[in-house]
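# Structural overview
Listed here are the chains, written in short residue letters.
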Amino acid sequence: MAALAEEQTEVVIKPDPEGPPALPATQPGDCPGEGSGGSHNSSHNGGGGGGVAASSAGGDGGTPKPAVAPPAAAAAAATAAPGGAAGAPAAAAEGIASQDRQTLLAVLQFLRRSNLRESEEILRREARLLEEAAGAGAPGEMDGPGAEATSALLSRVAAAAGPTGPGPGSGSGPGPGACPASAGPAASGAGTGNSGAAPTAAAPAKVGVVAVEDQPDVSAVLSAYNQQGDPAMYEEYYSGLKHFIECSLDCHRAELSQLFYPLFVHMYLELVYNQHENEAKSFFEKFHGDQECYYQDDLRVLSSLTKKEHMKGNETMLDFRTSKFVLRISRDSYQLLKRHLQEKQNNQIWNIVQEHLYIDIFDGMPRSKQQIDAMVGSMAGEAKREANKAKVFFGLLKEPEIEVPLDDEDEEGENEEGKPKKKKPKKDSMGSKSKKQDPNAPPQNRIPLPELKDSDKLDKIMNMKETTKRVRLGPDCLPSICFYTFLNAYQGLTAVDVTDDSSLIAGGFADSTVRVWSVTPKKLRSVKTATDLSLIDKESDDVLERIMDEKTASELKILYGHSGPVYGASFSPDRNYLLSSSEDGTVRLWSLQTFTCLVGYKGHNYPVWDTQFSPYGYYFVSGGHDRVARLWATDHYQPLRIFAGHLADVNCTRFHPNSNYVATGSADRTVRLWDVLNGNCVRIFTGHKGPIHSLAFSPNGRFLATGATDGRVLLWDIGHGLMVGELKGHTDTVCSLKFSRDGEILASGSMDNTVRLWDAIKAFEDLETDDFTTATGHINLPENSQDLLLGTYMTKSTPVVHLHFTRRNLVLAAGAYSPQ
Amino acid sequence: MAEEKKLKLSNTVLPSESMKVVAESMGIAQMPEETCQLLTDEVSYRIKEIAQDALKFMHMGKRQKLTTSDIDYALKLKNVEPLYGFHAQEFIPFRFASGGGRELYFYEEKEVDLSDIINTPLPRVPLDVCLKAHWLSIEGFQPAIPENPPPAPKEQQKAEATEPLKSAKPGQEEDGPLKGKGQGAVSADGKGKEKKAPPLLEGVPLRLKPRSIHELSVEQQLYYKEITEACVGSCEAKRAEALQSIATDPGLYQMLPRFSTFISEGVRVNVVQNNLALLIYLMRMVKALMDNPTLYLEKYVHELIPAVMTCIVSRQLCLRPDVDNHWALRDFAARLVAQICKHFSTTTNNIQSRITKTFTKSWVDEKTPWTTRYGSIAGLAELGHDVIKTLILPRLQQEGERIRSVLDGPVLSNIDRIGADHVQSLLLKHCAPVLAKLRPPPDNQDAFRTDFGSLGPLLCSHVVKARAQAALQAQQVNRTTLTITQPRPTLTLSQAPQSGPRTTGLLKVPGSIALPVQTLVSARAAAPPQPSPPPTKFIVMSSSSGASSSQQVLSLSTAAPGSGSTTTSPVTTTVPSVQPIVKQVDIALPLWVSDPDDISITVA
């Protein structure tokens with residue numbers, strides 16, 4: 001198998017499975033947002049101070065920063081080797097884009113306290129320099145999406161600095177922590193050297209400070225709330241603004257109303273931070289009713305947070321602090337707001353708007369209430385328009401040509417049926433389809449994929465044969481649904497997966513077991529022991545049959561190994577392996593030949609909610625409570641990529657059919673699409689009003705369907721980065737989504753005990769993908785859920801946990817019967 | 001949007017007195033009020049935090065119900081040792097009690113005798129997980145098999161019946177309770193009428209209910225044939241099976257009109273032919289249909305009632321009235337009618353009063369034969385004590401005379417004699433318990449004779465018997481209710497005045513156990529004059545980054561007595577996260593929660 005590493009040196013891996021550091025070093029630009037805390041980590045650690053000092057010294061010398069990275073990274077690695085993994089997630093990827101003088105001040109303050117005079121001095125000088133530069137810099141750059149801006153800057157810096165640029169990352173310490181650590185200082189270095197990026201530079205440092213939980217720095221960050229206003233005035237400020245917004249013109253009102261929630265939260269937090277408990281309480285009581293209902297979960301967290309002491313450990317609060325709430329407002333509305341605030345001398349609110357909000361201003365008509373409602377709801381506001389501009393290769397990879405055996409066997413089959421003629425045109429069409437290269441497809445070797453084995457080819461042939469027998473689905477021809485009920489599961493079923501050929505079903509249970517059933521008459525057998533194997537005649541034709549131990553044949557195999565509920569399960573495409581992820585923080589790889597555990601992948605220190613194999617095998621992705629998704633390869637015990645940026649748990653992970661992208665759904669109510677090649681976040685989809693629990697790519701790779709606890713299914717156009725549909729109907733969490741093999745039908749299964757079938761063709765039929773919509777991201781969703789709903793099927797009392805389309809388009813659904 | 005849906009956010013905190021109680025139980029007397037207040041804030045916050053994390057595990061575990069293990073995992077997430085010993089699959093083992101205006105949840109810890117446990121046989125091993133496949137849908141249609149829910153839930157059948165103008169879709173009919181009983185059905189009906197009225201008035205084009213064609217699939221036709229044949233066939237085993245199927249199968253509603261017609265026609269024919277056996281079988285079918293929880297029978301009651309009534313009051317039900325036991329059929333049918341009344345009678349359809357009227361009319365009639373007389377009385381008697389009291393008792397004297405004239409007089413016909421005999425025992429059977437309740441105890445033969453004529457003496461002895469039986473039953477009832485109420489709050493309610501002291505006693509138990517600690521603490525408290533310093537054992541150099549938020553627990557509790565200095569300076573302090581939270585939570589859980597909704601809201 002070809003690893004990423006072997007083929008593309010610049011990509012990532014030093015494939016050295018023996019040595020301790022199997023090192024995913026990246027180009028500096030490849031870890032955007034990972035810029036966790038180089039500076040923080042080092043400064044926390046005694047020796048790290050030197051790192052910072054050294055780096056600043058480098059800056060002093062006039063050369064832009066990249067050279068700095070190694071020591072800082074090394075220092076970071078020293079502290080962060082185990083803990084870094086946990087710390088990194090909190091370092092929001094978006095963080096880079098947000099800038100904050102406060103943070104810089106906090107860092108300075110800290111340096112002073114730690115008696116690092118020299119570094120402080122240097123940093124101060126840098127900062128001033130950077131302030132001047134910022135003044136001169138083009139204001140436009142402020143809006144730039146963090147990732148792009150940084151990498152662009154980096155390349156510029158790298159060019160200026162000569163060969164030093166890419167160097168640092170690869171040389172440094174062990175573990176995944178090295179990657180973010182090295183990127184962080186590099187970014188900040190770049191920032192200091194350059195005008196517009198000044199704010200960008202500060203962000204990673206701040207994020208880092210927040211991320212690691214050793215406390216003094218948190219209070220430094222929180223001190224941003226220190227600016228005192230009269231606590232009694234807060235209510236007045238807020239109601240003043242409320243009055244203003246409610247009296248503004250209709251067209252502006254909807255847009256400006258978006259301000260309510262972030263302002264409310266920040267004002268409340270300020271009150272709490274400054275220990276005006278009673279004012280905070282009454283402020284909350286008075287205005288929490290005004291907030292949109294979909295913020296209820298966050299408000300609930302806020303309501304319990306009434307003391308300054310609570311703020312330090314509260315993740316929701318930290319999310320609010322470290323990432324800016326993004327609002328999309330038309331220029332007119334923004335001007336109106338600005339004028340109002342300036343007139344009123346309402347500095348309190350203006351400060352919050354300046355410091356904690358990111359207002360994405362667009363030209364043109366203000367959006368309507370419906371348009372806004374469709375897109376908001378995520379924990380940190382909408383996605384910036386720029387965040388969804390990167391090109392995504394959503395096309396499918398060219399299928400390798402496997403011809404010869406197919407022809408023979410199929411034609412035989414056809415001859416038996418006595419219809420040899422019909423075969424020809426069909427095969428041609430299939431052949432031509434696979435020959436034509438999809439213009440949107442990524443280059444075949446964009447990421448290295450494993451070679452096809454003989455058994456894979458056989459499987460492909462089987463697949464193609466089945467394809468010819470596939471039922472053509474449509475509104476008039478609905479699929480049959482076969483429901484696999486897990487009985488006596490005692491509420492313990494937590495995950496299900498079905499192999500692509502529908503021969504095996506795996507269930508993950510709360511009692512830490514993974515159970516694999518064979519649903520075909522072929523029983524599960526394990527391979528004989530080594531001594532028995534040595535007796536086998538290796539030349540015989542049926543050697544594959546002979547190695548199996550007939551005595552072990554059974555319909556069910558139980559895999560023991562986890563020490564907590566198994567929340568995710570995924571079969572490898574070749575059915576030789578099974579992955580399971582669990583509350584115990586590990587992902588385990590099981591062999592379905594021996595039914596034993598092969599590897600335990602440790603990296604997530606917290607529960608791992610989901611895992612999935614790549615459609616081509618070898619790679620897999622996992623996501624968990626630590627807010628990151630990780631990309632792994634089966635033969636590396638450390639992750640190849642860490643996708644950090646979500647502000648809450650990563651609930652579900654799915655590979656794009658071409659294996660070049662990974663989608664993650666999170667409890668922060670966003671869906672993100674990540675590029676496997678460089679770890680960048682290329683799409684952020686906002687619009688769900690509850691934690692996302694299911695994802696499904698359409699078979700052609702163009703669309704993504706997502707389901708959340710709010711019972712809605714949203715459809716997204718990946719290429720344009722737009723929401724294209726909303727399917728309402730479920731009354732509870734949508735646990736499972738699946739497109740039919742040809743993409744005509746979308747099946748959704750939910751905790752409300754129903755399976756629903758939707759007309760996917762119609763849903764994607766007349767998309768508004770004109771340039772205007774694409775450019776502005778304004779969407780108008782048709783209210784046609786009822787038309788698209790083709791069928792609703794109730795189970796007796798069984799939440800639908802998993803859905804699967806067989807190769808012939810029969811739906812398999814699975815769930816555990818839960819007696820009421 | 002925001003204004004429409006006001007958020008229900010409760011800001012409940014634990015009452016500070018519970019902190020005091022906990023402190024006392026730990027052996028710390030005299031906690032300052034301020035400290036209590038700070039502690040409750042902190043503890044409430046932590047509990048909420050943990051509850052919110054626990055919810056996450058519930059969602060990911062694909063469950064609708066929060067379990068104790070979810071809370072354990074949430075604690076683990078915070079690097080806190082879980083609470084061991086709280087394992088319950090289905091319910092949280094907290095018991096609820098109220099009294100003295102307070103509500104209390106507590107965990108009942110019974111003393112368990114080890115020998116009991118050793119001697120009790122092991123419970124059955126729970127069944128292992130297994131996989132079962134069935135068709136949820138076949139090419140878009142859901143087959144009506146037991147694995148699937150009934151194709152049309154009862155509410156929908158009802159909605160179709162009562163509100164034909166409302167297009168009924170599953171999930172739309174929330175109004176009206178599930179079972180169309182008494183008041184509920186009335187209000188639902190009333191609502192239906194109200195809803196129907198406006199469109200008519202406003203001149204909206206009248207929507208007629210589309211004529212539905214009741215077509216049965218081939219399988220259904222086969223099923224119908226099999227079932228009806230088995231029900232009236234000769235094989236008793238098959239009949240039992242068929243009746244069982246009628247009583248439980250969820251997919252019968254489409255066949256309901258057929259069954260209903262089958263029964264009413266069957267009765268019509270077999271009454272004429274005096275085929276007692278078949279009539280009994282048909283009545284058993286009615287009973288089975290009524291027992292089926294998925295069927296909405298209201299629409300067919302008009303067909304069923306006459307059939308059942310016929311079986312009660314018909315002059316002749318069998319070929320040889322002197323030998324055959326048609327009385328049993330009448331009794332059975334009378335019970336059925338009573339059941340129908342109970343289920344379907346409303347103030348709009350007046351089923352009960354109409355039935356009562358019919359019975360009374362035929363009973364009052366002088367020429368009514370004894371069979372019909374028996375049926376009418378049985379029908380009335382089954383309707384309940386009130387009916388007996390108002391309609392039967394006043395006529396006892398009259399009826400007694402008639403019976404006496406037949407029994408004592410010249411033998412006119414054997415059949416009449418038997419009939420009168422049955423009527424007499426029927427009256428005695430039903431009236432005695434009622435009289436036993438109505439009349440004060442001293443049972444005097446003469447008083448009875450004056451009141452009830454010739455039936456008096458017999459009645460009197462029956463009443464005496466009934467009284468004895470009632471007393472016996474009452475004892476039994478008392479005993480059973482006692483055992484039932486014991487684990488339930490009703491019993492504790494009866495002890496309401498005691499509940500206050502009792503609960504504190506309950507909480508004090510650990511305190512008395514921890515007596516040495518108390519003395520230790522008080523001794524130490526006496527030594528240093530200033531508030532006891534934050535226990536140094538909690539302050540530990542940071543060693544792991546996993547400590548996370550658990551640190552705050554301490555920072556607050558230590559900061560409480562002193563100034564805010566601890567919060568600003570703890571550069572190097574981190575708490576060994578395990579210790580404090582465990583304690584806090586440990587004591588926090590079995591406490592008063594002033595508003596039980598608090599937890600449940602966050603859970604929901």
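Residues numbered from 1 in each chain as written. Chains lettered and ligands numbered in written order. Predicted model: local features only at pLDDT ≥ 70, side-chain atom pairs only at ≥ 80, totals over all residues. Heavy atoms only, no water.

### Regarding the overall build of chain B
A tally of helices and strands in chain B yields 26 helices and five strands. Every one of the 604 residues in chain B was classed for burial, and the buried ones make up 40%. Taking contacts inside chain B between residues at least 6 apart in sequence as the whole, the part at least 24 apart equals 66%. Of the roughly 33,500 Å² of accessible surface on chain B, 60% is carried by carbon and sulfur atoms. (Helix = DSSP H or I, 4+ residues; strand = E, 2+ residues; numbered from the N terminus. Buried < 20%, exposed > 50% of the residue type's maximum accessible area, 1.4 Å probe, protein only. Contact = heavy atoms within 4.5 Å. Areas by Shrake-Rupley, 256 points an atom, 1.4 Å probe, with all protein chains shown as cover.)

### Structural notes on unusual backbone geometry
Excluding glycine, residues mostly have negative phi values, and the peptide bonds linking residues are mostly trans. All names here are of chain A. Positive phi values are uncommon outside glycine, yet Arg669 reaches one of about 70 degrees. By secondary structure assignment, the location of Arg669 is in the loop between strand S17 (661–666) and strand S18 (670–675). Using a relative accessible area of 2% as the deciding quantity, one classes Arg669 as buried.

### Observations concerning the sheet that holds S18(A)
Residue and element names in this part refer to chain A. Reading across the sheet, the four strands line up as S16-S17-S18-S19 and stay open at both edges, with antiparallel pairing between neighbours. Each end of this open sheet is capped by a strand with a single partner; those strands are strand S16 (650–655) and strand S19 (681–686). In this sheet, adjacent strand axes meet at a mean angle of 20 degrees when their direction is disregarded. The sheet contact formed by S17 and S18 spans five bridges and is antiparallel. Note on S18: the bridge partner recorded for Val662 is Trp674. (Pairing = 2+ DSSP bridges. Axes fitted to C-alpha atoms, helices over the stretch in contact; angles between N-to-C directions.)

### Observations regarding the pattern of salt bridges
If you walk through the whole model with that rule in mind, you get 47 salt bridges over all chains. A salt bridge links A:Glu382 to A:Arg328; the nearest nitrogen and oxygen atoms lie 3.6 Å apart. Of the two residues, A:Glu382 is situated in the loop between helix H21 (369–375) and helix H22 (404–417) and A:Arg328 in strand S1 (residues 325–330); the sequence distance between them amounts to 54 residues. A salt bridge links A:Lys369 to A:Asp373; its shortest N-O distance comes to 3.8 Å. One end of the pair, A:Lys369, and the other, A:Asp373, are both in helix H21, four residues apart, so they sit about a helical turn from each other. What makes A:Lys369 partly exposed here is its relative accessible area of 33%. A single network of salt bridges, built from pairs that share partners, joins A:Asp649, B:Glu42, B:Arg46, B:Glu49, B:Asp53, B:Lys56 and B:Lys78. (Salt bridge = Lys/Arg side-chain N within 4 Å of Asp/Glu carboxyl O.)

### Overview of the confidence of the model for chain B
All names here are of chain B. In the predicted model, chain B carries a mean pLDDT of 69, and the fraction of residues at 70 or more is 65%. This model gives residues 1–7 a pLDDT under 50, and the stretch forms 13 contacts once residues within four places in sequence are excluded. Quick note on the complex model: pTM equals 0.62, ipTM equals 0.72. (pLDDT = per-residue confidence, 0-100.)

### Description of the sheet that holds strand S24 (residues 734–739) of chain A
Residues and elements named next belong to chain A. Pairing is antiparallel across the open sheet formed by four strands, whose spatial order is S24-S25-S26-S27. Edge positions in the sheet fall to S24 and strand S27 (789–794), since each of these pairs with one other strand and no more. Here the average twist between neighbouring strands, direction ignored, is 15 degrees. In this sheet, strand S25 (residues 745–750) lies alongside S24 in antiparallel orientation, the contact comprising five bridges. Considered in S25, the bridge of Phe739 is made with Leu746.

### Brief notes about the packing of aromatic side chains
A complete count under the given rule lists 31 aromatic pairs over all chains for this structure. Relative to B:Phe57, the ring of A:Trp609 lies with its centre 5.3 Å away and its plane at 70 degrees, an arrangement referred to as edge-to-face. With A:Trp609 in strand S12 (residues 608–613) and B:Phe57 in helix H2 (residues 33–60), the pair connects residues from two separate chains. A relative accessible area of 0% places A:Trp609 in the buried class. Members of the aromatic cluster, joined through ring pairs, are A:Tyr238, A:Phe260, A:Phe264, A:Tyr268, A:Phe283, A:Phe284 and A:Phe287. For the cation-ring pair, A:Lys557 lies above A:Phe595, with the distance from its terminal atom to the ring centre recorded as 5.3 Å. Note that B:Arg239 overlies the ring of B:Tyr281, its terminal NZ or CZ placed 3.5 Å from the centroid. (Phe/Tyr/Trp six-rings, centres within 6.5 Å; stacked < 30°, edge-to-face > 60°. Lys NZ or Arg CZ within 6 Å of the ring centre and 35° of its normal.)

### Section: the environment of B:Ser376
All names here are of chain B. Along the polypeptide, Ser376 turns up in helix H14 (residues 370–382). Taking relative accessible area as the criterion, Ser376 reaches 0% and is therefore assigned buried. Sequence separation between Ser376 and Met309 is 67 residues, and the spatial gap between their C-alpha atoms is 9.3 Å. Residue contacts for Ser376: discarding those within four places in its chain leaves Val313, Phe359, Ser362 and Trp363. A distance of 2.8 Å separates a polar atom in the side chain of Ser376 from a polar atom in the side chain of Ser362. Here the side chain of Ser376 touches Thr372 through a polar contact of 2.8 Å, landing on its backbone oxygen. (Polar contact = N/O pair within 3.5 Å; in protein donor to acceptor, adjacent residues only side chain to side chain.)

### Quick look at the packing of helix H12 (residues 326–344) of chain B against H14(B)
Geometry of a packed helix pair, given as the angle between the helix axes and the separation of the axes. All names here are of chain B. Their axes nearest at 8 Å, the elements H12 and H14 cross at an angle of 35 degrees. Considering how the two elements wind past one another, H12 and H14 form a crossing that is right-handed. Residue-level inspection shows His326, Trp327, Arg330, Asp331, Ala334, Arg335 and Ala338 of H12 in contact with H14, the latter providing Thr371, Thr372, Tyr374, Gly375, Ala378, Gly379 and Glu382. Here the residues of the contact of H12 with H14 sort into five nonpolar, five polar and four charged. (Left-handed = near helix turned anticlockwise from the far one by under 90°. Nonpolar A, V, L, I, M, F, W, Y, C, P; charged D, E, K, R; others polar.)

### Structural notes on the side chain of A:Arg367
Position of A:Arg367 relative to the elements: it lies in the loop between strand S2 (357–362) and H21. A distance of 3.3 Å separates the side chain of A:Arg367 from the backbone oxygen of A:Arg328, its partner in a polar contact.

### Focus on the packing of helix H10 (residues 276–291) of chain B against helix H11 (residues 301–313) of chain B
Residue and element names in this part refer to chain B. Interaxial distance between H10 and H11 falls to 11 Å at its minimum, and their mutual angle equals 140 degrees. Taken as axis vectors, H10 and H11 run oblique relative to one another. In the crossing of H10 with H11, the sense of the turn from one axis to the other is left-handed. On H11, the residues that touch Leu279, Met283 and Val286 of H10 are Leu304, Ala307, Val308 and Cys311. The class makeup of the residues in the contact of H10 with H11 is seven nonpolar, no polar and no charged. (Parallel < 35°, antiparallel > 145°, perpendicular 65-115°, else oblique.)

### Topic: helix H15 (residues 277–287) of chain A
Residues and elements named next belong to chain A. For H15, the full list of buried residues reads Ala280, Phe283, Phe284 and Phe287. In a view along the axis of H15, the buried residues occupy a sector of 95 degrees, so they form one face of it. Packed against the buried residues of H15 are helix H12 (233–247), helix H14 (260–273) and helix H16 (296–304). (Arc of directions from axis to C-beta.)

### Describing the UniProt feature "repeat: WD" (unreviewed entry) in chain A
Residue and element names in this part refer to chain A. Per the UniProt record, "repeat: WD" (unreviewed entry) is found at residues 486–527, 559–594, 601–632, 643–684, 685–718 and 727–759. Segment residues 559–594 splits into 0% helix and 53% strand. End C-alpha atoms: 10 Å apart. Note that residues 685–718 is 0% helix and 56% strand, and that its end C-alpha atoms are spaced 9 Å apart. (UniProt positions renumbered as here; feature names shortened; annotations may be inferred.)

### Points about a nonpolar patch on the surface
Taken together, the side chains of B:Val112, B:Leu114, B:Ile117 and B:Ile118 make up a nonpolar region of the molecular surface, amounting to roughly 430 Å² of accessible area. Judged by its relative accessible area of 61%, B:Ile118 is exposed. (Patch = residues over 30% accessible without salt bridge, like charges linked within 9 Å, V, L, I, M, F, W, Y side chains within 5 Å.)

### Details of the pairing of strand S10 (residues 586–591) of chain A
Residue and element names in this part refer to chain A. Judged by how many residues are buried, S10 sits mostly within the fold: six of six residues are covered. Judged by which residues are buried, S10 turns out to be covered on both faces: Thr586, Arg588 and Trp590 on one side and Val587, Leu589 and Ser591 on the other are all buried. Sheet analysis places strand S9 (residues 577–582) next to S10, joined by five bridges and oriented antiparallel. From the neighbouring strand, Leu578 faces S10, where its bridge partner is Trp590. Adjacent in sequence and paired antiparallel, S9 and S10 are bridged by three residues, among which Gly585 carries a positive phi angle near 90 degrees. Relative to strand S11 (residues 596–602), S10 runs antiparallel, the two being bridged by six bridges. By the bridge assignment, Leu589 is partnered in S11 with Val599. Hairpin connection, S10 to S11: the antiparallel pair is bridged by four residues, and Phe595 has positive phi, about 55 degrees.

### Details of the side chain of A:Asn576
All names here are of chain A. Relative to the assigned elements, Asn576 resides in the loop between strand S8 (566–571) and S9. The buried category is assigned to Asn576, whose relative accessible area is 19%. In this structure, Asn576 is in contact with Lys453, Trp590, Ser591, Leu592 and Gln593, ignoring residues within four places of it in sequence.

### Points about the confidence of the model for chain A
All names here are of chain A. Here chain A averages 73 in pLDDT, and 66% of its residues register 70 or above. A low-confidence stretch, residues 1–99 (pLDDT under 50), is modelled with 204 contacts involving residues beyond four sequence positions or located in other chains. Segment residues 131–216: pLDDT under 50, and 135 contacts once partners within four positions in sequence are set aside and those in other chains are kept.

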